[in-house]
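For reference, the chains in residue letters:
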Amino acid sequence: MFRSSTFSINNLSAAKISGRIINVSPILFQRATKQSPSFTRRIATSVMTDQKTEQKTLIHADENTNPKTLELLNKQAKYTINTYNRPPIVLTKGKGCWVYDLADRKFLDFSAGIAVNALGHADAELASVIADQATKLIHLSNLYHNEYAGELAELLVNITKEGGGFDAARVFFSNSGTEANEGALKFARKWGKLVNNGGKEKYGVVSFNNAFHGRTMGALAATPSPKYQAPFSPLVPGFIHSIYNDIEKIPEVVNENTCAVIVEPIQGEGGVWVANVDFLEALRKRCNEVNALLIYDEIQCGLGRTGKLWAHQHLPKSCHPDILTLAKPLANGFPIGAIITTERVADIIKVGDHGTTFGGNPLACRAALSVVRRINSPELLSNVNSVGSYLFNELQRLASKYPSLITTVRGKGLILGVQFSVDPTPLVALARERGLLIITASNQTVRIIPPLILKKEEAQHGVKIIEEIIDIFDKQHKN
Ligand SMILES: Cc1ncc(COP(=O)(O)O)c(C=O)c1O
C-alpha cells in the first residue's frame with residue numbers, strides 16, 4: 001500500500017508521495033490530476049477543515065495514490081488533447097462490477113463506462129469469444145460478407161419482435177452511438193426527399209431539450225445544449241427543438257416540413273428524464289399525420305438497462321418508432337452501434353447511400369452476438385428489475401432523509417438519476433475516495449448506471465457509501 005506523507009496543496013508544483021518528490025508543473029499537475037478549478041478548491045477546503053485526518057485514513061483518497069500514477073499522468077498530459085475532466089487515478093483492470101487502479105485499490109463501478117459494461121468487466125466468456133475471433137478475422141470491410149453481421153442483424157430483429165418491440169426489419173451497423181444517430185438522420189433526410197410534400201422541402205428534424213444524441217455535426221445539431229453546440233456553429237440547418245413531454249407544442253413543431261423526430265424514451269445525459277406515454281403517443285400520431293419518421297435513440301436506455309430488452313417495450317404499440325438506434329453495451333465495450341429500421345424505411349436505402357469502413361466487422365459482431373444473447377436472458381433482465389427496484393427504493397429513502405438536498409429520484413431498472421438542489425459534482429470525488437465510482441448528468445443530477453449484473457450485496461455496499469457521502473455533503477451545506 002502507498003501512503004502519502006505530505007501532499008502539497010498550496011504549492012501544486014510538487015507532490016511528495018511515499019517519500020518521493022514528484023515534480024509536476026502547476027499547469028500539468030492541474031491538467032493531469034483534476035483539470036478543474038473546483039478540484040483545487042475542494043482539496044484545499046478538505047485540508048482546511050476537519051477532513052484532513054479522514055483523508056489520510058481513506059485508502060481510496062486521491063492523495064494516497066501510487067507514485068507511478070502521477071508520473072504517468074504527468075507524462076500523458078503532454079501528448080493528449082484534453083476534452084475530459086478526469087480524476088487522478090489510473091485504472092488497470094476490472095472484474096465484474098469492480099475496477100482496480102495502479103495501486104491495486106478496488107472501486108465499485110456504478111458508471112459502467114457510461115452505461116456500457118452491462119456484463120461487467122473482464123467477462124471470461126466474452127474474452128474467449130473475442131480472443132478466438134481475433135485469431136480468425138478481425139476486419140474485412142463491407143466490401144465482403146462475413147459470418148456474423150447477418151446473424152447479429154437477424155438476432156436483433158427477431159428478439160425485438162418477439163419481445164413486443166417495434167416492427168423491426170433490417171439493420172445497419174456503425175461503430176458508435178453518434179454514428180448510429182448520424183446514419184438514422186441521413187435515412188430520415190432521404191425519406192423526406194422521397195415523400196411527395198407537394199413539391200415543398202421536407203428536411204426538418206425535431207429533437208428535445210435535455211437530449212443528447214452525440215457530437216458529430218448531425219447528431220450535435222439534434223443535441224440542443226449551448227455548451228455542446230456553441231463552439232462549433234454554424235450547425236447543420238433544419239434542426240429545431242421542443243420541450244420534452246410537452247404535448248401541446250407537438251402540432252406546431254412537427255409539421256409538413258418535418259422528416260423526422262428523434263427522442264430518447266429515457267434521457268440519460270440530460271439527467272435521467274422519463275418520457276410520458278401520452279407524449280410519445282402524440283409524437284407517433286403526429287409523425288403519421290405529416291409522414292415523418294419517429295427515431296428512438298435507445299443508445300443509453302436500451303439493451304436491458306430498463307429491465308426489458310428495449311425501453312420502448314414498456315410502451316404500447318401506439319408509441320413505437322420507425323427507427324431505433326443502439327450502441328453502448330452492444331458488445332459490452334467493444335465499439336459497435338446499430339440502426340434498426342422497419343421495412344418501409346429500409347426500402348428507401350440503396351447501395352451507395354451510406355457506408356463505413358469498420359462497421360459490421362466480424363470481431364465486433366461476433367462479440368455482440370454473444371453479449372446480446374446474454375443481455376436478453378430472463379435471469380439478467382430480472383436482476384435489473386430486482387436490483388434496480390432495491391436501488392430506487394433506497395435512493396427514495398435518502399431523498400426523504402435529506403429533503404433539502406435531494407429533490408427527485410427518477411428512472412427505471414438500472415438507469416437512475418438523483419436530482420439535487422445544489423451542484424452535486426463534489427459527491428463524485430467523495431464517493432471515489434471511498435471506493436465507489438459514480439457520475440453526474442445535467443440538471444444537478446447524479447446518475448447511477450452500473451453493470452446490469454450488479455448483485456444485491458454490491459448495490460447495498462454502494463448505497464452505504466452514497467448515504468455516507470450525502471451525509472457529509474449535507475453537513476457541508478448546513479455549515
Ligand atoms: C442517448 C445517447 N445517444 C447518443 C450517444 C452518443 O454515443 P457515442 O458516445 O457512442 O457516440 C450517447 C452517449 O452518451 C447517448 O447517451
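Just above, that's the structure.
A quick note: this is a predicted structure, and the numbers were derived from the prediction, not measured.

J.: Would you mind going over the overall build of the protein with me for this structure?
T.: Each helix and strand counted, the protein has 17 helices and 19 strands in total. For the protein, the accessible surface area stands at approximately 21,000 Å², while carbon and sulfur atoms represent 55% of it.

J.: Help me understand the sheet that holds strand E18 (residues 439-441) in this model?
T.: Whenever strands of a sheet pair, they do so through backbone hydrogen bonds, lying parallel or antiparallel. Taken in spatial order, the 4 strands of this open sheet run E15-E16-E19-E18, and their pairing is antiparallel. Across the chains shown, the open sheet's two edge strands, defined by having one partner strand only, are strand E15 (406-412) and E18. Shown here is a sheet whose adjacent strand axes are inclined to one another by a mean of 30 degrees, direction ignored. Where E18 and strand E19 (residues 445-448) come together, 3 bridges link them in antiparallel fashion. Along E19, the bridge assignment pairs Ile-439 with Arg-447.

J.: Got a minute to help me understand the pairing of strand E4 (residues 98-101) in this structure?
T.: Each regular strand displays side chains that alternate between the two surfaces of the sheet. Residues Trp-98 and Tyr-100 point to one face of E4 and Val-99 and Asp-101 to the other, with burial holding for every one of them. Here strand E3 (residues 91-95) folds back onto E4 in antiparallel fashion, the turn holding 2 residues, of which Gly-96 has a positive phi close to 60 degrees. Pairing of E4 with strand E5 (residues 106-109), which is carried by 3 bridges, proceeds in the antiparallel orientation. The partner of Val-99 across the bridge, within E5, is Phe-107. The loop that links E4 with its antiparallel partner E5 comprises 4 residues; one of these, Asp-104, has a positive phi angle of about 65 degrees.

J.: Any chance you could explain the environment of His-139 here in plain terms?
T.: Inspection of the secondary structure assignment puts His-139 in the loop between helix H6 (124-134) and helix H7 (149-162). What His-139 contacts, discounting residues up to four positions off in sequence, is Thr-357, Phe-358, Asn-361 and Pro-362. There is a polar contact of 3.4 Å between the side chain of His-139 and the backbone nitrogen of Ser-141.

J.: Any chance you could explain the site of the ligand here in plain terms?
T.: Every residue near the ligand is listed here: Ser-176, Gly-177, Thr-178, Asn-181, Phe-212, His-213, Glu-264, Glu-269, Asp-297, Ile-299, Gln-300 and Lys-328. For the ligand, an oxygen atom lies 2.9 Å from a polar atom in the backbone of Gly-177. Phe-212 is positioned with one of its backbone polar atoms (N or O) 3.2 Å from a nitrogen atom of the ligand. In terms of residue count, helix H8 (residues 177-194) provides more of the shell around the ligand than any other element does, 3 residues in total. The residue inventory of the shell around the ligand, partitioned by class, reads 2 nonpolar, 6 polar and 4 charged.

J.: What should I look at first to understand the sheet that holds E3 in this one?
T.: Judged by pairing direction, the sheet is mixed, and its 4 strands sit side by side in the order E3-E4-E5-E17 without closing on themselves. Strands with a single pairing partner mark the edges of an open sheet, and in this sheet they are E3 and strand E17 (436-437). Examined bridge by bridge, E5 and E17 share 2 bridges and lie parallel to one another. Of the residues in E17, the one forming a bridge with Asp-109 is Leu-437.

J.: For this particular structure, what's the right way to read the pattern of salt bridges?
T.: Side-chain pairs of opposite charge can arise whenever the charged atoms involved come near each other. Considering all chains together, one arrives at 21 salt bridges under this definition. For Glu-343, the salt bridge goes to Arg-170, with nearest N and O atoms at 2.6 Å. Note that Glu-343 is positioned in helix H13 (residues 343-346) and Arg-170 in strand E6 (residues 170-174), a separation of 173 residues in sequence. Among the residues examined, Glu-343 registers a relative accessible area of 36% and is labelled partly exposed. Between Arg-397 and Glu-467 there is a salt bridge, with the nearest N and O atoms lying 2.8 Å from each other. With Arg-397 in helix H15 (residues 378-401) and Glu-467 in helix H17 (residues 456-478), the pair connects residues that are 70 residues apart, well separated along the chain. Residues joined by salt bridges that share partners form a network here, namely Glu-394, Arg-397, Lys-401 and Glu-467.

J.: Would you explain the side chain of Thr-306 in this entry?
T.: Relative to the elements of secondary structure, Thr-306 occurs in the loop between strand E12 (293-297) and strand E13 (323-326). Polar side-chain contacts of Thr-306 include one of 3.0 Å to the side chain of His-314. Not counting residues within four places of it along the chain, the set of residues in contact with Thr-306 comprises Ile-266, Cys-301, Ala-311, His-314, Val-384, Asn-385, Lys-412, Gly-413 and Ile-415.

J.: Whenever I open this one, the packing of aromatic side chains confuses me. Can you help?
T.: The description of an aromatic ring pair rests on the distance of the ring centres and on the angle between the ring planes. This structure, assessed with the given rule, holds 6 aromatic pairs. Residues Phe-208 and Phe-279 carry aromatic rings whose centres are separated by 5.2 Å and whose planes lie at 80 degrees to one another, so their mutual orientation is edge-to-face. One end of the pair, Phe-208, is in strand E7 (residues 204-208); the other, Phe-279, is in helix H12 (residues 277-290), and 71 residues separate them in sequence. One exposure class covers both Phe-208 and Phe-279, and it is buried. Their ring planes at 65 degrees and their centres at 5.8 Å tell us that Tyr-244 and Phe-279 sit as a pair that is edge-to-face. Highlighted residues: Tyr-244 in the loop between strand E8 (239-242) and helix H11 (250-253) and Phe-279 in helix H12, separated in sequence by 35 residues. Of the two residues examined, Tyr-244 and Phe-279, each falls in the buried class. Across the ring face of Trp-98, the terminal group of Lys-106 is positioned such that the distance to the ring centre comes to 4.4 Å. In this structure, Arg-410 packs its charged tip against the face of Trp-273, placed 3.5 Å from the ring centre.

J.: Even after reading the chapter, I still don't get the side chain of Asn-181, so can you show me in this structure?
T.: The residue Asn-181 is located in helix H8 in this model. Relative accessible area serves as the criterion here: at 0%, Asn-181 is assigned to the buried category. A distance of 2.8 Å separates a polar side-chain atom of Asn-181 from the backbone oxygen of His-213. Here Thr-325 takes part through its side chain, which lies 2.8 Å from a polar atom of the side chain of Asn-181.

J.: Where do I start with the packing of H6 against helix H14 (residues 362-375) in this structure?
T.: A pair of packed helices can be characterised by two numbers: the angle between their axes and the separation between those axes. Close contact between H6 and H14 brings their axes to 9 Å; oriented N to C, the two are set at 155 degrees. Classified by the angle between their axes, H6 and H14 sit roughly antiparallel to one another. For the pair H6 and H14, the sense of crossing is right-handed. Contacts between H6 and H14 involve Glu-125, Leu-126, Val-129, Ile-130, Asp-132, Gln-133 and Ala-134 from the former and Pro-362, Leu-363, Arg-366, Ala-367, Ser-370, Val-371 and Arg-374 from the latter.

Rules of the game
Residues numbered from 1 in each chain as written. Predicted model: local features only at pLDDT ≥ 70, side-chain atom pairs only at ≥ 80, totals over all residues. Heavy atoms only, no water. Helix = DSSP H or I, 4+ residues; strand = E, 2+ residues; numbered from the N terminus. Areas by Shrake-Rupley, 256 points an atom, 1.4 Å probe, with all protein chains shown as cover. Pairing = 2+ DSSP bridges. Axes fitted to C-alpha atoms, helices over the stretch in contact; angles between N-to-C directions. Buried < 20%, exposed > 50% of the residue type's maximum accessible area, 1.4 Å probe, protein only. Contact = heavy atoms within 4.5 Å. Polar contact = N/O pair within 3.5 Å; in protein donor to acceptor, adjacent residues only side chain to side chain. Near = heavy atom within 4 Å. Nonpolar A, V, L, I, M, F, W, Y, C, P; charged D, E, K, R; others polar. Salt bridge = Lys/Arg side-chain N within 4 Å of Asp/Glu carboxyl O. Phe/Tyr/Trp six-rings, centres within 6.5 Å; stacked < 30°, edge-to-face > 60°. Lys NZ or Arg CZ within 6 Å of the ring centre and 35° of its normal. Parallel < 35°, antiparallel > 145°, perpendicular 65-115°, else oblique. Left-handed = near helix turned anticlockwise from the far one by under 90°.

Note that all results are geometric; they support no functional claim without further evidence.
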